[in-house]
Amino acid sequence: RDFPELPFNALRLILSAALLVGAVWWDRRRRRGSGQAPLPVFTRADWGRLVVLGLVGHLVYQLCFLGGVARTSVGNSSLIFGCTPVMVALLSSLAGHERVPPVRWAGAALSLAGIYALVGHRAALSTSTLPGDVLMFAAMTCWSVYSVLSKPLLARHSPLAVTAWSM
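Calculation notes
- Residues numbered from 1 in each chain as written.
- Predicted model: local features only at pLDDT ≥ 70, side-chain atom pairs only at ≥ 80, totals over all residues.
- Heavy atoms only, no water.
- Patch = residues over 30% accessible without salt bridge, like charges linked within 9 Å, V, L, I, M, F, W, Y side chains within 5 Å.
- Areas by Shrake-Rupley, 256 points an atom, 1.4 Å probe, with all protein chains shown as cover.
- Salt bridge = Lys/Arg side-chain N within 4 Å of Asp/Glu carboxyl O.
- Helix = DSSP H or I, 4+ residues; strand = E, 2+ residues; numbered from the N terminus.
- Phe/Tyr/Trp six-rings, centres within 6.5 Å; stacked < 30°, edge-to-face > 60°.
- Buried < 20%, exposed > 50% of the residue type's maximum accessible area, 1.4 Å probe, protein only.

Some remarks on a nonpolar patch on the surface
At step 1: Together, L6, V51, L55, L59, V60 and L63 make up a nonpolar patch on the protein surface, roughly 520 Å² of accessible area in all.
At step 2: At five residues, helix α2 (residues 44-71) tops the list of elements feeding residues into the nonpolar patch.
At step 3: Here V60 lies in helix α2.

Observations regarding the packing of aromatic side chains
At step 1: Going through the model one piece at a time under the given rule, you end up with eight aromatic pairs.
At step 2: Ring geometry for F3 versus F8: centroids 5.6 Å apart, planes at 75 degrees, classification edge-to-face.
At step 3: Classification of F8 by relative accessible area gives partly exposed; the value is 44%.
At step 4: Judged by centre distance (5.7 Å) and plane angle (85 degrees), the rings of F65 and F81 are edge-to-face. Placement of F65 in helix α2 and of F81 in helix α3 (residues 74-81) is noted, with a sequence separation of 16 residues between them.
At step 5: Looking at F81, the relative accessible area reads 21%, which means it is partly exposed.

Here it is, written out as structure tokens:
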């Protein structure tokens, strides 16, 4: 009757990863057969980055997300995950990937205000949800780090390959 969330999620991710790796294999084979240029090969440095992406963007993210969902409210989760674009912009700016002009920061603030207006009234500020809120914030941060760290790989490799091999 019950399937605990961690084993279920592990099974889901294993099946997803297998399907994605199969799709990468099929895409490479299709390209060879059609005479298209082959996809670039991952370098040793790329594989190191993929390992970090897998740990941060899949393993730690999933553990924090599942733990957070079980310990906080839907309203709090929505508010926290609504901050993802702002965190990505901040991390991209810190990593030197892009310069975020003031008008975008103003847009981010307006976006956060909109998120709060939509779901803020359902958010609960209490010590009972604090562990879940912290886990959800960590999950959101992991996903943001994954997004920013994947940018150099995505400049040379397909999103399919980066996602498949990081999983």
